[in-house]
Amino acid sequence: MAGVTITATKDDFTGTATSSANGAWNIGVPEQGTYTVELDESTLPEGIALAEGQENPRDVTFSQTSNLSVIFAFGEGIVVQQQDFGQNLLNRLVAGLSFGLLLALASVGLSLIFGTTGLTNFAHGEMVTLGAVLVFAFNALGLPFWLAILLALLGGGLFGYAQDRGLWRPLRRRGTGLVPMMIVSIGLALAVRYVIQFYFGGATQQLPYAQSPEIQLGPVSISPNNLWSLGISAVVIALIGIVLLKTRLGKATRAVADNPALAAASGIDVDSVIRIVWITGGMLASLGGILWAYYRPGVTFDMGSAILLLIFAGVTLGGLGTVFGALIGSIIVGIFVELTTVFGLAADLKYVGALFIMIVVLLFRPQGILGRRERVG
């Protein structure tokens, strides 16, 4: 319907748009947040009214995306069906599982690095960002989509290798303490983040096939991207678990994480194991970043830092240095984040709950769900 006036307001901001010939309208807003959107019913043609059950005005939350769709349905015989609580709860539960598994991809890499080196790497968020940015860059160069993803994963692994070879290995050999190394990782994170911003820009970009309509699988409504994300994450994490439990490399990795000195005395090449862990962690973080870009959806220069604390929350909840603990913790965090919106928490505050979990765990069970108690002193 053309010529219909729509207004969006928030605090001192007021934006107005008029629908085009195909009924489309667009209002640019200065920041993310909750806006009141109202359709001026006096501008509707005579005899046309909003469909039964339509809310006007309505409050909509614009968060974590570059655009938000708001649809006003009108006309005779149209009835807008409201989703019941049980349906919404089930959909959010599935979305939370998908989000938790993609968090687990990044968390497992971070946990492996911490377990083998003791380093709390604040630059891990930039490793997540790099995966999505590289896919966008390679696709912009005209490469096939599958090749862009493959090269992005290789780029993530190469970045992990370069970090260890050029920075962390020399610092370890100098006997640098873990706290100074953690501070170095914060500086590295800031440097990499703004280098990415310099070349990528500050705008939100979309990867190919980012926009897809939801499909119905029984009682669950889910987008194909989230469904692919859930499946890919589950398969990759299962493969990592098999490698850690069944292969010599996995046993060597667990031995280095448990006691590096004893592992070295047993003939294990500790430096080689750590190098492989950094490469694997970089590739897992890149894959997590690609899936995160589809979940949001959108690629930004600071997208990794936006979920870094959630990654830390998952690792802390599961147990620092424990791979399967990171998996369990991340799934709990992902589900908790999505379910909070069902129970009335504003979407802008949904990450606060996950950080509250981390605080509680540190207070009452600092070793995490699968962590071990250790004596200090």
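What counts and how
- Residues numbered from 1 in each chain as written.
- Predicted model: local features only at pLDDT ≥ 70, side-chain atom pairs only at ≥ 80, totals over all residues.
- Heavy atoms only, no water.
- Helix = DSSP H or I, 4+ residues; strand = E, 2+ residues; numbered from the N terminus.
- Buried < 20%, exposed > 50% of the residue type's maximum accessible area, 1.4 Å probe, protein only.
- Contact = heavy atoms within 4.5 Å.
- Areas by Shrake-Rupley, 256 points an atom, 1.4 Å probe, with all protein chains shown as cover.
- 1 Å grid on protein atoms, 1.4 Å probe; cavity = no way out; pocket = protein on both sides within 12 Å on 5 of 7 lines; lining within 4 Å.
- Points joined across faces, edges and corners; volume = space filled by probe spheres on them.
- Nonpolar A, V, L, I, M, F, W, Y, C, P; charged D, E, K, R; others polar.
- Patch = residues over 30% accessible without salt bridge, like charges linked within 9 Å, V, L, I, M, F, W, Y side chains within 5 Å.
- Salt bridge = Lys/Arg side-chain N within 4 Å of Asp/Glu carboxyl O.
- Phe/Tyr/Trp six-rings, centres within 6.5 Å; stacked < 30°, edge-to-face > 60°.
- Lys NZ or Arg CZ within 6 Å of the ring centre and 35° of its normal.
- Axes fitted to C-alpha atoms, helices over the stretch in contact; angles between N-to-C directions.
- Parallel < 35°, antiparallel > 145°, perpendicular 65-115°, else oblique.
- Left-handed = near helix turned anticlockwise from the far one by under 90°.

Q: Would you explain the overall build of the protein in this entry?
A: On a plain count of helices and strands, the protein comes out with twelve helices and six strands. Based on the C-alpha atoms only, the size of the protein along its principal axes is roughly 85 × 45 × 40 Å. Of all 377 residues assigned to the protein, the portion counted as buried reaches 44%. Within the protein, residue pairs in contact and separated by at least 24 positions form 68% of the contacts whose partners lie at least 6 positions apart. About 19000 Å² of surface is accessible on the protein, with carbon and sulfur atoms providing 62% of the total.

Q: Before we go on, may I ask you to explain empty space enclosed by the protein in this structure?
A: Where empty space is left can be seen by rolling a probe of water-molecule size over the atoms. Summed over the entire model, instances satisfying the criterion amount to one cavity of 30 Å³ or more. Each pocket or cavity is described by its volume, and for the largest cavity that value is around 30 Å³. Within the residue set of the lining of the largest cavity, elements represented by two or more residues are helix 5 (224-246) and helix 11 (323-342). Of the residues that constitute the lining of the largest cavity, the class distribution is six nonpolar, one polar and no charged.

Q: Before we go on, may I ask you to explain the environment of A123 in this structure?
A: Turning to its location among the elements, A123 is positioned in the loop between helix 1 (85-117) and helix 2 (124-140). Taking the C-alpha atoms as reference, A123 lies 42 Å from A24; in sequence the two are 99 residues apart. The contacts of A123, once residues within four sequence positions are left out, are Q163, S185, L188 and A189.

Q: Even after reading the chapter, I still don't get a nonpolar patch on the surface, so can you show me in this structure?
A: Together, L245, F324, I328, I332, I369 and L370 give the surface a local cluster of nonpolar side chains, amounting to about 460 Å² of exposed area. With three residues, the top contributor of residues to the nonpolar patch is helix 11. Tracing the backbone shows I328 in helix 11.

Q: So what exactly am I meant to see when it comes to the packing of aromatic side chains here?
A: Within a pair of aromatic rings, the relevant descriptors are the distance that separates the centres and the angle that separates the planes. Taken as a whole and judged by the stated rule, the model has ten aromatic pairs. On the basis of an interplanar angle of 80° and a centroid distance of 5.5 Å, the ring pair of F145 and Y209 is categorised as edge-to-face. Pair noted here: F145 is in helix 3 (residues 145-173) and Y209 is in the loop between helix 4 (178-200) and strand 5 (215-217), with a separation of 64 residues, a long-range link. Taking the relative accessible area as the measure of exposure, F145 reaches 23% and is therefore partly exposed. Look at F198 and Y199: their rings are 5.0 Å apart centre to centre, the planes differ by 85°, and that puts the pair in the edge-to-face class. Taken individually, F198 and Y199 each receive the classification exposed, so the pair is uniform in this respect. A connected cluster of aromatic rings, assembled from ring pairs, spans F99, W292 and Y295. Seen from the ring of Y35, K10 lies directly overhead, with NZ or CZ sitting 5.9 Å from the centre.

Q: Honestly, the packing of helix 2 against helix 3 in this entry has me stumped. Any pointers?
A: Pairs of packed helices are described in terms of their axes, by the angle between the two and the distance that separates them. Two numbers describe how helix 2 lies on helix 3: the axes approach to 8 Å, and their chain directions differ by 140°. For the element pair helix 2 / helix 3, the angle class is oblique. Two packed elements cross with a definite hand, and for helix 2 against helix 3 that hand is right-handed. Across the interface between the two elements, M127, L130, G131, L134, V135, F138 and N139 of helix 2 pack against F145, A148, I149, L151, A152, G155, G156, F159, G160 and Q163 of helix 3. Broken down by class, the residue content of the contact of helix 2 with helix 3 amounts to eleven nonpolar, six polar and no charged.

Q: What is the right way to look at the environment of W25 in this model?
A: For W25, the location among the structural elements is in the loop between strand 2 (13-18) and strand 3 (33-39). A sequence separation of 21 residues divides W25 from V4, and the C-alpha atoms of the two residues are 9.0 Å apart. Non-local contacts of W25, meaning those with residues more than four positions away in its chain, are made with I6, A17, T18, S19, V37, V70 and F72.

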